[in-house]
Amino acid sequence: MSDAQNISEFSLGEAVLELRWRLAYGTLLLKNRHLRSLRALDLPDGLLSWAHQHIEWTLPEGSAYDPMGVLRLRIDDEFHAQMDIVAYEELQDTSLASLIKRVEKPNPLAPKTIKAELLWAYANDEVLIPAEKDEVLSGANSLATDLFKTLKMPLSFKKAIDYELCDEVFLVSDEFGFVSASDKSGALSEQLSERWEKLIRSARE
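Our subject in this report is the structure included herewith.

Rules of the game
Residues numbered from 1 in each chain as written. Predicted model: local features only at pLDDT ≥ 70, side-chain atom pairs only at ≥ 80, totals over all residues. Heavy atoms only, no water. 1 Å grid on protein atoms, 1.4 Å probe; cavity = no way out; pocket = protein on both sides within 12 Å on 5 of 7 lines; lining within 4 Å. Points joined across faces, edges and corners; volume = space filled by probe spheres on them. Helix = DSSP H or I, 4+ residues; strand = E, 2+ residues; numbered from the N terminus. Nonpolar A, V, L, I, M, F, W, Y, C, P; charged D, E, K, R; others polar. Patch = residues over 30% accessible without salt bridge, like charges linked within 9 Å, V, L, I, M, F, W, Y side chains within 5 Å. Areas by Shrake-Rupley, 256 points an atom, 1.4 Å probe, with all protein chains shown as cover. Salt bridge = Lys/Arg side-chain N within 4 Å of Asp/Glu carboxyl O. Lys, Arg positive; Asp, Glu negative; His and termini not counted. Charge placed at Lys NZ, Arg CZ, Asp CG, Glu CD. Expected span 1.5 Å × (residues − 1). Buried < 20%, exposed > 50% of the residue type's maximum accessible area, 1.4 Å probe, protein only. Arc of directions from axis to C-beta. Contact = heavy atoms within 4.5 Å.

## With respect to the layout of surface pockets
No. 1: Of the volumes computed, that of the largest pocket is approximately 580 Å³.
No. 2: In this structure, the largest pocket is lined by 22 residues; those nearest its centre are R102, V103, P106, K115 and E117.
No. 3: At the level of elements, β2 (15–24), α4 (96–104) and β6 (117–123) are the ones that each hand at least two residues to the lining of the largest pocket.
No. 4: Per-element tally for the lining of the largest pocket: the top contributor is α4, with four residues.
No. 5: Of the residues contributing to the lining of the largest pocket, the split by class is ten nonpolar, two polar and ten charged.
No. 6: By volume, the second largest pocket amounts to about 200 Å³.
No. 7: Along its surface, the second largest pocket is lined by R22, Y88, E90, L91, T94, F176, F178, V179, S193, W196, E197 and I200.

This is how it looks when you write it as structure tokens:
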């Protein structure tokens, strides 16, 4: 068995953009949120329709061999696109230093305008989001924002965060969900992780 399963039939040149979205039991988690953020990337309408069609009609069959994998969408400089499914692998190092390095040196194919991974923090009874207030957030990051609003917690958009001075730090990722920094974990970040696991379990129902 190969380590990637194609669910689209088109050939692809050298990829310039790559999106990675988590699956659970063959279902694309946060599908509508991902599609909204995809539309904000200023891609051709035909490509957006193609992506939506494949997610709706081809994903269930294509994900059969790895229903807990990662849906990968790659786009080349001529807006040709390809979808496949790759194995999900948990982050091995979740220390604060490792997570900071991860967001400071992201995958060169990751979108520049909508970051799929942001390193959030909690300090002085306030949740810190490393983004501009009017910035379009990725699927998982928009979910986190809505969760904190539901909990009625103060949110502050702050591009520069001194993570060492924060009480808790956690990665919010379209691929990995909510990941607490192992050396900056606490009740809030643990609650987020539980919400993500609940979301995964709900996909089975």
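## Quick notes on a negative patch on the surface
No. 1: Among the surface-exposed residues, D93, D162, E164 and D183 lie close enough to one another that they form a single negatively charged patch.
No. 2: Mapped onto the fold, D93 is located in the loop between β5 (81–86) and α4.

## Observations concerning helix α6 (residues 187–202)
No. 1: Its 16 residues place the ends of α6 22 Å apart at the C-alpha level, agreeing with the 22 Å of an ideal helix rising 1.5 Å per residue.
No. 2: Of the positions making up α6, those classed as buried are L188, S189, L192, W196 and I200. Each buried residue of α6 lies within a common arc of 130 degrees when the element is viewed along its axis, so the set occupies one face. Those residues of α6 that are exposed and angled more than 90 degrees off the buried face are A187, E194 and K198.
No. 3: On its buried face, α6 sits against β2, β6, β7 (126–129), α5 (139–150), β9 (168–173) and β10 (177–180).

## Regarding the pattern of salt bridges
No. 1: In total, this model carries eight salt bridges according to the counting rule given.
No. 2: Between R20 and E175 there is a salt bridge, with its nearest N and O atoms 3.0 Å apart. With a gap of 155 residues between them, R20 in strand β2 and E175 in the loop between β9 and β10 connect regions that are remote in the sequence.
No. 3: For E175, a relative accessible area of 9% gives the class buried.
No. 4: In this structure, K31 and E56 form a salt bridge, with 2.8 Å as the shortest nitrogen-oxygen distance. Remark: E56 occurs in helix α2 (residues 45–57) and K31 occurs in helix α1 (residues 31–39); sequence separation between them is 25 residues.
No. 5: When salt bridges that share partners are traced, they join E18, R20 and E175 into one network.

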